[in-house]
Amino acid sequence: MNIIETSGLGKRYGRTWALRECTSAIPEGHLTALVGPNGAGKTTLLHLLVGLINATTGTATVLGGRPVGSRAALDGIAFVAQDTPVYTSLSAANIVRVARNLNRDFDPPYARARLEELDIPLDKKAAHLSGGQRAQLALTMALARRPRLLVLDEPLAALDPLARHDFMATVLAAMSEDGLSVLLSSHVLAELERVADYLVLMTRGQVRVADTVEDLLASHRVLTGPTAAADRLARELGVIQDRRAEAQAHLLVRGSGPGDPVPPGWEAHPVSMEELVLAYLRAESAAVPQASSSARPTTPMGVAR
């Protein structure tokens, strides 16, 4: 079953397309990394999928065919926005009570138990918590809704390395225990490489790459060989990134798999997910990205509307 499917999905703000002709299918059970430069359309896509905004063109479904924005979809999705929004004037205990009243399905005992396990004081106002604690509080409110799909928009951006590690450990534990699917937008490639098993790469409002990390790494490699022969080889292969010195060239290429023959006089080397993402981003960097609106709606604690 596909946890997310889009077909020709697009969103326009005035004359500017923030997202255009987005067609993809993400199977359930994955931790999907959504990556791309600022202005690529990542947040717009996430907001469309969780029902915060409406599409201009195309269609999208979640949870095996449920229309985005429908009650059936909203009940099965939890969303943590970029600034991990919580009600800063309320204590953690009162935030649990508010979340219980705003959601049809919410598990207060689970929420309180998780906060106590994380040593987050229930009587302390959210404004007085550390950044890592606020992120964990927002994540706990989302997980207490017992969703099938957890959508996270840049939750790691403001966290220190230890807080990032603890946050992702919680996400991975929820996936293992509850069969949760996760869509995570982030610029922290090193962290994504450690946890993600599916990759969606966006540039200029469109999906450029979408596949399992395992298959993507198997089908890409760096060929190292003589610069004098690089032009001919580059014409024959699908070159993503071409780096040359006076004597030696390094070509990151996409083939059909690890069994592809290595050209005579060349050596093949595996690539990491970070290398792969950066290569695609560099390949797109010469083009002028489309501007996208910075005004986006947010909803605290992934509350179902």
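Here, the structure is the one placed above.
Quick look at the structure, then. (Residues numbered from 1 in each chain as written. Predicted model: local features only at pLDDT ≥ 70, side-chain atom pairs only at ≥ 80, totals over all residues. Heavy atoms only, no water.)

### A short note on the overall build of the chain
Turning to step 1, where the next piece is worked out: Counting secondary structure elements, the chain contains 10 helices and 14 strands.
Turning to step 2, where the next piece is worked out: Since a compact globule built from 305 residues should have a radius of gyration of about 19 Å, the 21 Å found for the chain is in line with a globular shape.
Turning to step 3, where the next piece is worked out: Judged by the C-alpha coordinates and their principal axes, the chain covers about 70 × 40 × 35 Å.
Turning to step 4, where the next piece is worked out: Within the chain, the proportion of its 305 residues that are buried is 49%.
Turning to step 5, where the next piece is worked out: Residue pairs in contact within the chain that sit at least 24 positions apart in sequence constitute 70% of those at least 6 positions apart.
Turning to step 6, where the next piece is worked out: Roughly 13,900 Å² of accessible area belongs to the chain as shown, and the carbon and sulfur atoms make up 49% of that amount.
Turning to step 7, where the next piece is worked out: Of the side-chain charges in the chain, 31 are positive and 32 negative, and the distance between the mean point of each set is 10 Å. (Helix = DSSP H or I, 4+ residues; strand = E, 2+ residues; numbered from the N terminus. Rg over C-alpha atoms; globule rule 2.2 N^0.38 Å. Buried < 20%, exposed > 50% of the residue type's maximum accessible area, 1.4 Å probe, protein only. Contact = heavy atoms within 4.5 Å. Areas by Shrake-Rupley, 256 points an atom, 1.4 Å probe, with all protein chains shown as cover. Lys, Arg positive; Asp, Glu negative; His and termini not counted. Charge placed at Lys NZ, Arg CZ, Asp CG, Glu CD.)

### With respect to unusual backbone geometry
Turning to step 1, where the next piece is worked out: Residue L63 is not a glycine yet carries a positive backbone phi of 55 degrees.
Turning to step 2, where the next piece is worked out: Summarising the element assignment, L63 is placed in the loop between strand 4 (57-62) and strand 5 (66-67).
Turning to step 3, where the next piece is worked out: You will see that R204, though not glycine, has its phi angle at about 50 degrees, which is positive.
Turning to step 4, where the next piece is worked out: Topologically, R204 is positioned in the loop between strand 9 (198-203) and strand 10 (206-212).

### Examining the sheet that holds strand 14 (residues 267-269)
Turning to step 1, where the next piece is worked out: With respect to topology, four strands assemble into an open sheet ordered 12-13-11-14, the strand pairing being antiparallel. Two strands bound the open sheet, and with one partner strand each, they are strand 12 (238-244) and strand 14. On average, adjacent strands in this sheet sit at an angle of 25 degrees to one another, irrespective of strand direction.
Turning to step 2, where the next piece is worked out: Across seven bridges, strand 11 (residues 220-226) lies against strand 13 (residues 248-254) in antiparallel orientation. Residue V222 lies in a different strand from strand 13, and its bridge partner there is L252. (Pairing = 2+ DSSP bridges. Axes fitted to C-alpha atoms, helices over the stretch in contact; angles between N-to-C directions.)

### Considerations on the sheet that holds strand 9
Turning to step 1, where the next piece is worked out: One open sheet accounts for six strands, arranged 6-7-8-3-9-10; its pairing is mixed. The sheet terminates laterally at strand 6 (77-80) and strand 10, the two strands that pair on one side only. Geometrically, the sheet is characterised by an average inter-axis angle of 15 degrees between neighbouring strands, direction not taken into account.
Turning to step 2, where the next piece is worked out: As paired elements, strand 7 (residues 149-153) and strand 8 (residues 181-185) share five bridges and run parallel to each other.

### Topic: the pattern of salt bridges
Turning to step 1, where the next piece is worked out: Applying the stated criterion to the full structure yields eight salt bridges.
Turning to step 2, where the next piece is worked out: Notably, a salt bridge pairs D107 with R146, separated by 3.2 Å at the nearest N-O pair. One end of the pair, D107, is in the loop between helix 3 (92-102) and helix 4 (108-117); the other, R146, is in the loop between helix 5 (131-143) and strand 7, with 39 residues separating them in the sequence.
Turning to step 3, where the next piece is worked out: Linking D231 and R244 is a salt bridge whose minimum nitrogen-to-oxygen distance equals 2.6 Å. (Salt bridge = Lys/Arg side-chain N within 4 Å of Asp/Glu carboxyl O.)

### What about the packing of helix 5 against helix 6 (residues 161-178)?
Turning to step 1, where the next piece is worked out: Axis separation between helix 5 and helix 6 bottoms out at 10 Å; the angle between their running directions is 10 degrees. Classified by the angle between their axes, helix 5 and helix 6 sit roughly parallel to one another. At the point where helix 5 passes helix 6, the crossing takes the right-handed sense. For the pair helix 5 and helix 6, contact is made by G132, A135, Q136, L139 and L143 and by A163, D166, F167, T170, V171 and A174, respectively.
Turning to step 2, where the next piece is worked out: Of the residues belonging to the contact of helix 5 with helix 6, the class tally is seven nonpolar, three polar and one charged. (Parallel < 35°, antiparallel > 145°, perpendicular 65-115°, else oblique. Left-handed = near helix turned anticlockwise from the far one by under 90°. Nonpolar A, V, L, I, M, F, W, Y, C, P; charged D, E, K, R; others polar.)

### A word on the environment of N94
Turning to step 1, where the next piece is worked out: Tracing the backbone through its elements, the reader meets N94 in helix 3.
Turning to step 2, where the next piece is worked out: For N94, a relative accessible area of 32% translates into the label partly exposed.

### Considering helix 10 (residues 273-284)
Turning to step 1, where the next piece is worked out: The first and last C-alpha atoms of helix 10 sit 17 Å apart over 12 residues, in line with the 16 Å expected at 1.5 Å per residue.
Turning to step 2, where the next piece is worked out: All of the buried residues along helix 10 are M273, L276, V277, A279 and Y280. One side of helix 10 carries all its buried residues, which in axial view fall inside an arc of 160 degrees. (Expected span 1.5 Å × (residues − 1). Arc of directions from axis to C-beta.)

### A closer look at the packing of helix 4 against helix 5
Turning to step 1, where the next piece is worked out: Running from N to C, helix 4 and helix 5 cross one another at 155 degrees; their axes reach a closest spacing of 9 Å. Taken together, the axes of helix 4 and helix 5 lie roughly antiparallel to each other. Relative to helix 5, the crossing made by helix 4 is right-handed. Side by side, helix 4 and helix 5 meet where Y110, A111, R114 and L115 of the first sit next to Q136, L137, T140, M141 and L143 of the second.
Turning to step 2, where the next piece is worked out: Residues of the contact of helix 4 with helix 5, tallied by class, amount to six nonpolar, two polar and one charged.

Purely geometric numbers; function is a separate question.
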